Number of protein chains: 2
Amino acid sequence: MSSKIRVGIAGYGNLGRGVELALAQNPDMELVSVFTRRDPASLRLQSAGVPVRALDQIEQYRNDIDVLILCGGSKNDLPEQGPALARWFTTVDSFDTHARIPEYYAAVDAAAQGAGTTALIAVGWDPGLFSLNRLYGECVLPVGQTYTFWGKGLSQGHSDAIRRVAGVAGGVQYTLPIEAAVQRVRNGEQPELSTREKHKRQCFVVLEQGADADTVREAIVTMPDYFADYDTEVNFIDAETLARDHAAMPHGGFVIRSGQSGSGSQQVVEYALNLGSNPEFTSSVLVAYARAAYRMNKNGQTGAQTVLDVAPGLLSPKTPAQLRKELL
Amino acid sequence: MSSKIRVGIAGYGNLGRGVELALAQNPDMELVSVFTRRDPASLRLQSAGVPVRALDQIEQYRNDIDVLILCGGSKNDLPEQGPALARWFTTVDSFDTHARIPEYYAAVDAAAQGAGTTALIAVGWDPGLFSLNRLYGECVLPVGQTYTFWGKGLSQGHSDAIRRVAGVAGGVQYTLPIEAAVQRVRNGEQPELSTREKHKRQCFVVLEQGADADTVREAIVTMPDYFADYDTEVNFIDAETLARDHAAMPHGGFVIRSGQSGSGSQQVVEYALNLGSNPEFTSSVLVAYARAAYRMNKNGQTGAQTVLDVAPGLLSPKTPAQLRKELL
């Protein structure tokens, strides 16, 4: 009988594939099944011998899985799957629509409380590790300002917006923090920064045959919500360059807390991520928190939870005594 | 009747004074008394109306204090005071002798378990916030390396060592991370670094009248344990310059986790502190964790605890719902 934590994956896109890879780096956990809404026979996993099953049959596997990692999207999948699956499984998800977290929490909590499961929501890096650092920052330095910068990173939403512009055959968008603003914050200046002063947007666009570059550029930089409030740079490239140089999904950013302690001393705390692969990093965070969700459920900590509720030691395969000795 | 958390301070040096200032930034907490081994009448607090009392009379105030913050030193004070005071109070301390944490934990745990108090030990930034980041780093990126760099910062121990050298009238020592090494780590190289490659030591020394500079320099740079394993720079200055330019106690450093996620993608996580006042920052961390210790005790989480056991949300005066809405 295995003493490993038995993990299931629901949804097999970039995130599900990342979770599969991350599980292979954590020997105390094992992937027992992948669940999909697609035809199970159509999926080719990276790991050998792991069964793929239909998501609508998942209930019958409730005794075979300790934690289910939900790898669907926040817009269409999780609002339905989160509460539905928490009725049968202890779950972890990366719900990341910041404004809708309270209502999502409430829906998942009702399901999980009723079932005695634990549902750890909004896990990843933002929300997730960045949220933790916003919290630690303001608790330790209650007099001060918190700044979050994102990038350099590929934004999926903004890349999609570019690709919807008439005359565009393909393209990607990178969000870049403005270095001068970051430097002012690091220096402890606590500036008030407008949207335009914090980030700029950099686009690499492939035109359709015969499309006019100036017209496309104008359509992009004036697009409300996505680009109008930013300084936006539009670069035209060919399809080959796009495929060769812009296929990776890097991301990252900074959370900086700048404050004054009691006598007015300047104190600056910075947390920075430089990620070669955004989905793989999010997946790695999900897997560490899956270990914690399993333990919280065993300890009777049921219902919806967030990273703010997770005692850090629960994330580690090491014993508390080992952690005190090695990491304190 | 006050609904504030009632806090006591045991020991009134730099740390005790910092805790006093930090409490004034946290309106849900109030300082009810300072306890000292000195003559209470000899202490002048920064806050009005707070009584100073003799530490050896502290037991009689056990019902007046929700959390006692221990501000003594790790070498001589805490090994005795930690276990002794945990018999009567829920405590927080900044015990920072890394190698002795397991035995200190055991002694405090025995006292606190017996009394039903909560004793949160080794709180500060290292151990403390740096420990948390070493933990989060290795849990999220199990394949990788963790690096801790300190500085630029004033080292009390090394400054004391300089001042014991014959011919030295005064002096301070700064620990500096070696920028080239930090940069290699940030780039994801995961280098093996020797002691000398990670940090250098910078000394500012005032000579006694008639002392020979070369002899003093030689005595410093060859001193075993403290300087012999480092590149050490010795600068001679006058007493006035020492007092004017070297009275502050800045410190800081970095915890960097560099790792590879599943498919080999480079991921780098960095946590950096840039502190204008080391004791004030440590004090600010102690006060945030005092709030958590109080709550853990109310929740029945008794015995010795460390930052690794503290669910982050317990640090904040905000409600869990407010935290989810504002910080996630």
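The structure under discussion appears in the preceding block.
If you're wondering where the values come from, they're calculated on a predicted model, not measured in any experiment. (Residues numbered from 1 in each chain as written. Chains lettered and ligands numbered in written order. Predicted model: local features only at pLDDT ≥ 70, side-chain atom pairs only at ≥ 80, totals over all residues. Heavy atoms only, no water.)

**Q** Looking at this model, I keep getting lost on the interface of chain B and chain A. Mind explaining?
**A** Accessible area lost when the parts come together is the quantity often used to give the size of an interface. Between chain B and chain A, the residue contacts involve 63 residues of the former and 63 residues of the latter. One can count two salt bridges joining chain B with chain A. One salt bridge in this structure joins Lys318 of chain A and Glu138 of chain B, with 2.9 Å as the shortest N-O distance. Inspection of the region where chain B meets chain A yields 33 residue pairs in polar contact (both at pLDDT 80 or more). Listing elements by their share of the side of chain B that touches chain A, those giving two or more residues are helix H3 (101-115), helix H4 (129-140), strand S13 (266-275), helix H10 (278-298) and helix H11 (320-326) of chain B. Partitioning the side of chain B that touches chain A into residue classes produces 34 nonpolar, 20 polar and nine charged. (Contact = heavy atoms within 4.5 Å. Salt bridge = Lys/Arg side-chain N within 4 Å of Asp/Glu carboxyl O. Polar contact = N/O pair within 3.5 Å; in protein donor to acceptor, adjacent residues only side chain to side chain. Helix = DSSP H or I, 4+ residues; strand = E, 2+ residues; numbered from the N terminus. Nonpolar A, V, L, I, M, F, W, Y, C, P; charged D, E, K, R; others polar.)

**Q** Explain the relation of the copies chain B and chain A to me, please; I cannot follow it from the model alone.
**A** Put simply, the second copy of the chain is the first one after a rotation about an axis and a shift along it. Superposition record for chain B on chain A: RMSD 0.0 Å, screw rotation 180°, translation along axis 0.0 Å. The operation mapping one copy onto its partner corresponds to a two-fold rotation axis. Comparing interface residues between copies, 100% of those in chain B also lie at the interface in chain A; the contact surface is shared. (Least-squares fit on C-alpha atoms with pLDDT ≥ 70 in both.)

**Q** Can you walk me through the pairing of strand S10 (residues 199-207) of chain B in this structure?
**A** Each regular strand carries side chains that alternate between the two faces of the sheet. All names here are of chain B. Most of S10 sits inside the fold, with seven of its nine residues counted as buried. As paired elements, S10 and strand S11 (residues 232-236) share five bridges and run parallel to each other. Residue Gln202 lies in a different strand from S11, and its bridge partner there is Glu233. With respect to chirality, the unit in which S10 leads through helix H8 (residues 213-221) into the neighbouring parallel S11 is right-handed. (Buried < 20%, exposed > 50% of the residue type's maximum accessible area, 1.4 Å probe, protein only. Pairing = 2+ DSSP bridges. Right-handed = clockwise from strand over helix to strand, strands pointing away.)

**Q** In this structure, what is going on with the packing of aromatic side chains? I would like to understand it.
**A** One pair of aromatic rings is described through two measures. These are the centre distance and the angle between the planes. Residue and element names in this part refer to chain B. Under the counting rule described, the total for this entry stands at twelve aromatic pairs over all chains. For the ring pair Phe35 and Tyr61, a centre distance of 5.7 Å and an interplane angle of 50° mean the geometry is tilted. Here Tyr61 lies in the loop between strand S3 (52-54) and strand S4 (67-70) and Phe35 lies in strand S2 (residues 29-36), a separation of 26 residues in the sequence. Across this residue pair, the class does not change: Phe35 and Tyr61 are buried. (Phe/Tyr/Trp six-rings, centres within 6.5 Å; stacked < 30°, edge-to-face > 60°.)

**Q** Is there a simple way to explain the pattern of salt bridges in this structure?
**A** Pairing is possible between side chains that carry opposite charge, provided their charged atoms lie close to one another. Residue and element names in this part refer to chain B. This model, assessed by the stated rule, comprises 28 salt bridges over all chains. Of the charged contacts, one joins Glu59 and Arg62 as a salt bridge, the two residues approaching to 3.4 Å between their closest N and O atoms. A salt bridge links Glu270 to Arg186; the nearest nitrogen and oxygen atoms lie 2.7 Å apart. Of this pair, Glu270 sits in strand S13 while Arg186 sits in helix H6 (residues 179-186), placing them 84 residues apart in sequence. Here Glu270 falls in the buried class, since its relative accessible area comes to 11%.

**Q** Mind showing me how you'd approach the environment of Ala311 of chain A here?
**A** Positionally, Ala311 of chain A belongs in the loop between strand S14 (303-305) and helix H11 (320-326). Distance from Ala311 of chain A to Ala292 of chain A, taken between C-alpha atoms, is 8.4 Å for residues 19 residues apart in sequence. Ignoring anything within four residues of it in the chain, the contact list for Ala311 of chain A reads Leu308, Asp309, Val310 and Ala311 of chain B.

**Q** Just checking my understanding: could you explain the packing of helix H4 (residues 129-140) of chain A against H10 of chain B for this structure?
**A** To characterise two packed helices, one gives the angle between the axes of the helices and the distance between these axes. Contact geometry of H4 of chain A with H10 of chain B gives a least axis separation of 8 Å together with a crossing angle of 105°. The angle between H4 of chain A and H10 of chain B places the two elements in the roughly perpendicular class. Packed against H4 of chain A, whose contacting residues are Tyr136, Cys139 and Val140 of chain A, the element H10 of chain B presents Phe281, Ser284, Val285, Ala288 and Tyr289 of chain B at the interface. Taken together, the residues that form the contact of H4 of chain A with H10 of chain B break down as seven nonpolar, one polar and no charged. (Axes fitted to C-alpha atoms, helices over the stretch in contact; angles between N-to-C directions. Parallel < 35°, antiparallel > 145°, perpendicular 65-115°, else oblique.)

**Q** It is not clear to me how the side chain of Gln267 of chain B should be interpreted in this structure. Could you clarify?
**A** Structurally, Gln267 of chain B can be placed in strand S13. For Gln267 of chain B, a relative accessible area of 0% corresponds to the buried category. Polar side-chain contacts of Gln267 of chain B include one of 3.1 Å to the backbone oxygen of Ser277 of chain A. Of note is the side chain of Gln267 of chain B, whose polar atom sits 2.8 Å from the side chain of Ser261 of chain B. Residue contacts for Gln267 of chain B: discarding those within four places in its chain leaves Asn274, Leu275, Gly276, Ser277, Glu280 and Phe281 of chain A together with Leu141, Arg257, Ser258, Gly259 and Ser261 of chain B.

**Q** Looking at this structure, I do not really get the sheet that holds strand S6 (residues 118-120) of chain B. What am I missing?
**A** Through backbone hydrogen bonds, the strands of a sheet pair up, either in parallel or in antiparallel fashion. All names here are of chain B. Strands sit in the order S3-S2-S1-S4-S5-S6-S14 across an open sheet of seven strands; the sheet is parallel. One side of each edge strand has no neighbouring strand; the edge strands of this open sheet are S3 and strand S14 (303-305). Neighbouring strand axes in the sheet, compared pairwise and without regard to direction, differ in orientation by 25° on average. Examined bridge by bridge, strand S1 (residues 5-10) and S2 share six bridges and lie parallel to one another. Residue Ile5 lies in a different strand from S2, and its bridge partner there is Met29. Those strands touched by H3 are strand S5 (91-93), S6 and S14, and its axis lies near 140° from that of S14.

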